[in-house]
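Below are the chains, spelled out letter by letter.
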Amino acid sequence: MPQFAPLQNDTFLRALLRQPTEYTPVWLMRQAGRYLPEYRATRARAGSFLGLAKNPDYATEVTLQPIDRYPLDASILFSDILTVPDAMGLGLYFEDGEGPKFERTVRTEDDVARLHVPDMASLDYVFKAVTQIRTALDGRVPLIGFSGSPWTLACYMVEGGGSREFHTVKKMLYARPDLMHRILQVNADAVAQYLDAQIDAGAQAVMIFDSWGGALADGAYQAFSLAYMQKVLAQLQRNEGAIIRNGVRIPAIVFTKGGGLWLDEMADIGADALGLDWTVNLGRARALVGDRVALQGNLDPAILFAAPEQVAAEVEKALASYGTPSAGHGHVFNLGHGISQFTPPESVTAMVEAVHAFSRRQRAA
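Note that residues are indexed from 1 along each chain, following the sequence as it is written. Only residues with pLDDT of at least 70 get local features here, since the model is predicted, and only at 80 or more are side-chain atom pairs given and counted; chain-wide, interface and lining totals rely on the full set of residues. To obtain the side-chain values, all non-hydrogen atoms of the structure were included, while hydrogens and water were left out.

Draft legend 1. Quick peek at the overall build of the protein chain. By definition, any uninterrupted DSSP run of H or I lasting at least four residues is a helix, any uninterrupted run of E lasting at least two residues is a strand, and each is numbered from the N terminus. From N to C terminus, the protein chain includes 15 helices and eleven strands. A compact globule built from 365 residues would reach a C-alpha radius of gyration of about 21 Å, and the protein chain, at 19 Å, matches this within 12%. With the principal axes as the frame, the protein chain shows a C-alpha extent of 60 × 45 × 45 Å. If you take every contact in the protein chain between residues at least 6 apart in sequence, the share linking residues at least 24 apart comes to 73%. Throughout, the Shrake-Rupley method with a 1.4 Å probe supplies accessible areas, and for residues the shown protein chains are the sole cover considered. In the form shown here, the protein chain has an accessible surface area of approximately 14,400 Å², with 50% of it arising from carbon and sulfur atoms. If you average the places of the 33 positive and of the 40 negative side-chain charges in the protein chain, the two averages end up 1 Å apart. Radius of gyration: over C-alpha atoms. The globule rule applied is 2.2 Å multiplied by the number of residues raised to the 0.38 power. Here a residue-residue contact requires only that any non-hydrogen atoms of the pair lie within 4.5 Å. Counted as positive: Lys and Arg. Counted as negative: Asp and Glu. His and the chain ends are not counted at all. Charge coordinates come from a single atom per side chain, which is NZ of Lys, CZ of Arg, CG of Asp or CD of Glu.

So, in structure tokens, the structure goes:
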């Protein structure tokens, strides 16, 4: 195991573990991204998105950019959710304006039969980036590792790219559930190994992004998304329901976009925290899950296009909705989805300052 500097700010980790904090910690999904001019400059030097993501030096540089600019309480590895299917040999590439695509899809019995958990050595560039980022952070804030969920990865693998309606993957789900379950089992095993290797490389928390779980019908979500995230967590949790490595607890966050309907069930799969999108009321979510899990979220990213005083007002509404954290409860402030590339950087300053200031006042009241 690499040796790292002691952690100076563990507020984020304590909130995930439902321990007392002096204020509500905050970080942003996609906080290292196109809304920052310094990111765009690094991306231009890298020549392409994959050139950026697959180079540990560039990945370290862009991961630290928002940490250098804002007083955020956590950093997140700069990478892509599709690194795992790319390592499976599907040929990930990006077309300008169209998002990620795969050269090869997984649609037939033969495609599924050929599918296997990739050799983690083929993803070594990710693990090197984790170690390099953790070293460069020098203990300032914790580092989050992440993966796409088994279902979300399957959507891209079967569809061959992003989709609005998921016709192809849903047809397989209903017509050949055996094939879909086989894909999801391979994906779950791969995601578990991938996250485990990130932890070994230095990740201090992990997050599973179930970007497309909300596209599923009730019933299908539980069988084809939730069950496989639970399988991932079970493989990581070798210590009586907790992810512990070398005596250190590694919190796990699960985020299903559009998953507000299933929070009660999500709270029982073994995650330490649930991410919420902006359609969910924080106070009601807290009442529903009780002290089973911490919550993360959930400001509408569009609010960051408003004036700074409006941003601050909406932040205060969200924090007031959650209420003052009490024993056994925890809250990490975040957006309800990734930050837009068109967001004014000064809006993030207003948001972070408002979270820290108001949440301190809440605790002092």
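Draft legend 2. How the structure looks around the packing of aromatic side chains. By convention, a stacked pair of Phe, Tyr or Trp rings (six-membered ring in the case of Trp) has centres within 6.5 Å and planes under 30 degrees apart, an edge-to-face pair has planes over 60 apart, and any other such pair is tilted. A full pass over the atoms with the stated rule returns nine aromatic pairs. Considering the side-chain rings of F127 and Y194, the 5.9 Å spacing of their centres and the 55 degrees angle between planes classify their relative orientation as tilted. Of this pair, F127 sits in helix 7 (residues 124–137) while Y194 sits in helix 10 (residues 177–201); the two residues are 67 residues apart in sequence, bridging distant segments of the chain. For the pair formed by F127 and Y194, the shared burial category is buried. Each residue in the set Y39, F49, F78 and F94 is aromatic and connected to the rest through ring pairs, giving one cluster. Note on classification: 1.4 Å probe, protein chains only; a residue is buried when its accessible area is under 20% of the maximum for its type, exposed when over 50%, partly exposed between these limits.

Draft legend 3. Expanded view of the environment of V26. In this structure, V26 sits in the loop between helix 1 (11–16) and helix 2 (37–46). You can call V26 buried: its relative accessible area is 1%. Between the C-alpha atom of V26 and that of L72, which follows or precedes it by 46 residues, the distance is 5.9 Å. With residues up to four places along the chain from it excluded, the contact list for V26 reads L72, D73, A74, F333, M351, V352, V355 and H356.

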